[in-house]
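# Chains, contacts and geometry: an overview
Residue-level listing of the chains:
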Amino acid sequence: MAELQKDPITRGDFLGFGVIGAVMGTLLTIPPVAYLLGPVIDVDVRGRSNVSQGWQEVGPVAEVPEDEPKVFTVEFPIDQLYGDRQIQRQFPDTPRSRERFTVRNAIWLSWKAPILKEGRQGSTGDELGHPRKPEFLNRKSSGFTPEEIREVERSINVLSNSCAHLGCPVRWIQREGEGEFLCPCHGGIYDINGGWVGGPPPRGMFRYTKFEVRENGRLYVKHEFDVEPGIPGLTTTEPYVI
Ligand code: FES
């Protein structure tokens, strides 16, 4: 009797084809589904962040040493808005949702050192005098008079931790009584006033433009920087990663 011809496709082969078919089917389904979900994806992705423009506490100014900057961490509340107005015009039922969270920024405080020699291009100076910490801060750390507040506000640098080149966090490197801010990413260097000294950054460190010292001896900032108009992606107050 002729031997029964063996089925060339085994059960395992059959299951294998099934799995491959399912994978192929899924892959082919992705583009049309993505197309159909386009508006939804847009709504989720095209959000907007608003950093709070309220005052945030940085810390006590008396703690900033004479010759060395001190870094403080500040929590800025952020409103994250999902749902784009343009999308809502097309799909009026799309809800706008709002999330609130905080972003932690590092802020450097230092005492202004007078410039003794005119600086190179983009620099506040090549040669700096001794930083001038107001003398009364050696005796008191709070209970400031209006004159003392003005003196501190005139004497202090309030600097962003974000390198003016591509935003890496800068570090203070102290060397025998002197020091510099150094950016570890591409070697940008700044002086104690945040002035450009060397490397690729096109300018000095970003400065907080709105800050105030209060009677309690603490410094407060608003999220606003000395950004020149016209730089793509940067404004003085818009989300600005630090
Ligand atoms: S990010 Fe600082 S030098 Fe490039």
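Before going into details, it helps to say that this report is about the structure given with it. None of these values were measured; they are calculated from a predicted model.

## Section: the pairing of strand β13 (residues 218-221)
- The pairing of strand β2 (residues 56-60) with β13 spans four bridges and is antiparallel. Bridging from a neighbouring strand, G59 pairs with L219 of β13.
- Two strands pair when backbone bridges link them, and strand β12 (residues 211-213) and β13 are joined in this way by three bridges, in the antiparallel orientation. What sits directly across from V213, in β13, is L219.
- Counting the residues in the hairpin turn of β12 and β13 gives four residues, including G217, whose phi is positive at 80°.

## Some remarks on the nonpolar core
- Among the nonpolar cores identified, the biggest contains 39 residues, and V61, L109 and L219 are the most heavily contacted of them.
- Those elements that provide at least two residues to this core are β3 (70-82), β4 (97-111), α4 (146-155), β7 (156-160) and β13.
- Among residues more than four places away in sequence, those in contact with V61 are W111, L137, F144, V152, I156, V213, G217 and L219.

## Some remarks on the packing of aromatic side chains
- Taken as a whole and judged by the stated rule, the model has four aromatic pairs.
- Where W108 meets F181, the ring centres are 5.2 Å apart and the plane angle is 75°; that geometry is what we call edge-to-face. In this pair, W108 is assigned in strand β4 and F181 in strand β9 (residues 178-182), connecting sequence segments 73 residues apart.
- Assessed through its relative accessible area of 9%, W108 is described here as buried.
- Here W172 and F181 contribute two aromatic rings whose centre-to-centre distance is 4.9 Å and whose plane-to-plane angle is 70°, an arrangement assigned as edge-to-face.
- The class of W172 is buried, set by a relative accessible area of 13%.
- Overall, F181 belongs to the buried group, its relative accessible area being 0%.
- Grouping aromatic residues by their ring pairs yields a cluster made of W108, W172 and F181.
- Above the plane of the ring of F72 lies K70, whose end atom (NZ or CZ) is 5.6 Å from the centre.
- Directly above the ring of Y220 sits R214, whose terminal nitrogen or CZ lies 3.7 Å from the centroid.

## Here we look at the sheet that holds strand β10 (residues 189-190)
- Reading across from one edge, β8-β9-β10-β11 is the order of the four strands in this open sheet, with antiparallel pairing throughout. Strand pairing shows two members of the sheet lacking a second neighbour, β8 (171-175) and β11 (196-198), which therefore form its edges.
- Where β10 lies against β11, two bridges are found, and the strand directions are antiparallel. Across the sheet, the residue bridging to Y190 is W196, located in β11.

The rules behind the values
- Throughout, residues of each chain are indexed from 1 in the direction in which the sequence is written.
- pLDDT decides what is reported in this predicted model: residues at 70 or higher carry local features, side-chain atom pairs at 80 or more are listed and counted, and totals for whole chains, interfaces and linings draw on all residues regardless.
- Where side-chain values are given, they derive from all heavy atoms of the structure, hydrogens and water being excluded.
- For two strands to pair, DSSP has to find at least two bridges joining them.
- Secondary structure counts use DSSP, requiring at least four H or I residues in a row for a helix and at least two E residues in a row for a strand, with both numbered from the N terminus.
- In these notes, a set of buried Ala, Val, Leu, Ile, Met, Phe, Trp, Tyr and Cys residues joined through side-chain atoms within 4.5 Å is what counts as a nonpolar core.
- Each residue's exposure class comes from its accessible area (1.4 Å probe, protein chains only) as a fraction of the maximum for that residue type: buried when under 20%, exposed when over 50%, partly exposed otherwise.
- Any pair of residues with heavy atoms lying within 4.5 Å of one another is described as a contacting pair.
- Aromatic rings from Phe, Tyr and Trp, with only the six-membered ring used for Trp, were paired whenever their centres fell within 6.5 Å, and each pair was classed as stacked if the ring planes differed by under 30 degrees, edge-to-face if by over 60, and tilted otherwise.
- The rule is short: NZ of Lys or CZ of Arg within 6 Å of the ring centre and within 35 degrees of the ring normal puts a charge over the ring.

These figures come from the coordinates and say nothing about function on their own.
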